[in-house]
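Secondary and tertiary structure notes
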Amino acid sequence: MTDQPVFDPAKDAAALAAVKLVQPGMKLGLGTGSTANVFVHRLAERAAVEGLALRCAATSKATAELAASLGLRVEPLDELGWLDLTIDGADEVDPDLNLIKGGGGAHLREKIVACASDRMVVIADQSKVVEQLGAFHLPVEVVPFGWQVTQALIRKGLDGLELSQRPILRRLRDDAPFLTDEGNLILDLSLEAIPDPQALALMLSRIPGVVEHGLFLGICEMAIIGRDDGSSVELVAEVTQ
Ligand code: 5RP
């Protein structure tokens, strides 16, 4: 579990730049996924040298285990109450810093943690930067009860928005349904393009069986994009400038 991830210069560059945002005594949200894992490793390295007195809330069981195994203090979000900063990865980042998240199926906890933070900063490699969201499938977490009815309602809603692709139940390699940390299912929506993310988010959030979708709109304040040459660049939302 504590093995170093395979070295990726772009992810490492983004993670290292994000570690510099951390101040002693901060309450931190730790994201989920391969880029967030690199950040957790780099953060733990710095904390081992400097102390820092950090208190961390994790966005998944996997991240909680990793962070604790590296010596970081992980506590329930409710113990921390409000966080100074959350650092997380993303599957897509658009020019307004709207995101698709949930490739790892953790977007429910990720959104709760990000929205309980003064600042959410995304770390990603260049492949995640897009002009328009939607090439990556949009994950939607749904409760198991009546999930096929929820799927039908999502399909109807997509038809209404002229986004008619079929939501697919996420499965593991052995074909068993993927279960989130909350014991829910994921429907992946292959939409190709999302011209109006707000309308889609509203439609999805009106369906009772939908717990949370992977659209993060107006939540991320800054994105740090790592490059293969080991450099990084900060993107700030155009709409909030
Ligand atoms: C998990 C997420 C991840 O942040 C997202 O999938 C990016 O992961 P990676 O850094 O491995 O590409 O949203 O639910």
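Residues numbered from 1 in each chain as written. Predicted model: local features only at pLDDT ≥ 70, side-chain atom pairs only at ≥ 80, totals over all residues. Heavy atoms only, no water.

To continue, consider the site of the ligand. Taken together, 17 residues lie near the ligand, and Ser34, Thr35, Asp91, Gly102 and Lys128 sit nearest. A distance of 3.1 Å separates an oxygen atom of the ligand from a polar atom in the backbone of Ala106. In the environment of the ligand, an oxygen atom lies 3.1 Å from a nitrogen or oxygen atom belonging to the side chain of Glu110. About the coverage of the ligand: the protein hides 90% of its 380 Å² of free accessible area. When contributions to the shell around the ligand are tallied by element, the ones reaching two or more residues are α2 (34-50) and α5 (107-115). (Near = heavy atom within 4 Å. Polar contact = N/O pair within 3.5 Å; in protein donor to acceptor, adjacent residues only side chain to side chain. Areas by Shrake-Rupley, 256 points an atom, 1.4 Å probe, with all protein chains shown as cover. Helix = DSSP H or I, 4+ residues; strand = E, 2+ residues; numbered from the N terminus.)

Time to look at the packing of aromatic side chains. What the rule picks out here adds up to zero aromatic pairs. Geometry around Phe216 places Lys101 over its ring, the cationic atom sitting 5.7 Å from the centre. Sitting over the face of the ring of Phe178, Arg170 holds its NZ or CZ atom 5.3 Å from the ring centroid. (Phe/Tyr/Trp six-rings, centres within 6.5 Å; stacked < 30°, edge-to-face > 60°. Lys NZ or Arg CZ within 6 Å of the ring centre and 35° of its normal.)

With that out of the way, let us pick up the domain arrangement of the chain. It is common to report an interface's size as the accessible area lost on association of the parts. Under the domain assignment, the chain is made up of domain 1 (9-130 + 218-229) and domain 2 (138-211). Computed from C-alpha coordinates alone, the two centres of domain 1 and domain 2 are separated by 25 Å. In this complex, domain 1 contributes eleven residues to the contact, which on the side of domain 2 involves twelve residues. Carbon and sulfur atoms make up 54% of the surface buried where domain 1 meets domain 2, a total of about 910 Å² over both sides. Taken as a group, Ile100, His107 and Leu108 account for 44% of the area that domain 1 buries against domain 2, more than any other trio of residues on that side. Counting across the interface, domain 1 meets domain 2 through two salt bridges. Notably, a salt bridge pairs Arg109 with Glu182, separated by 2.6 Å at the nearest N-O pair. (Domains from an automatic or database assignment. Contact = heavy atoms within 4.5 Å. Buried area = accessible area lost by both parts, 1.4 Å probe. Salt bridge = Lys/Arg side-chain N within 4 Å of Asp/Glu carboxyl O.)

Looking at chain direction, strand β12 (residues 222-226) and strand β13 (residues 232-236) are connected through five bridges and run antiparallel. Its bridge partner lying in β13, Ile224 is registered against Glu234. The antiparallel pairing of β12 with β13 creates a hairpin that spans five residues between the two strands, and Gly230 there sits at a positive phi of about 90°. (Pairing = 2+ DSSP bridges.)

Using the criterion set out here, one finds twelve salt bridges in the structure. Notably, a salt bridge pairs Arg109 with Asp181, separated by 3.9 Å at the nearest N-O pair. A residue pair is termed long-range when its members are at least 10 positions apart, and Arg109 in helix α5 and Asp181 in the loop between β8 (167-169) and β9 (185-189) qualify at 72 residues. Look at Arg109 and you get partly exposed, because its relative accessible area is 24%. Salt bridges linked by common partners bring Asp12, Arg42 and Glu45 together as one network. (Buried < 20%, exposed > 50% of the residue type's maximum accessible area, 1.4 Å probe, protein only.)

For the rest of this paragraph, the subject is the sheet that holds strand β2 (residues 55-58). Strand order in this open sheet of six strands is β2-β1-β3-β6-β12-β13, and the pairing throughout is mixed. Among the strands making up the open sheet, the edge pair consists of β2 and β13. Neighbour-to-neighbour, the strand axes of the sheet open up by a mean angle of 20°, direction not taken into account. Pairing geometry for strand β6 (residues 117-125) and β12, over five bridges, is parallel. The residue of β12 that forms the bridge with Val121 is Met222. (Axes fitted to C-alpha atoms, helices over the stretch in contact; angles between N-to-C directions.)

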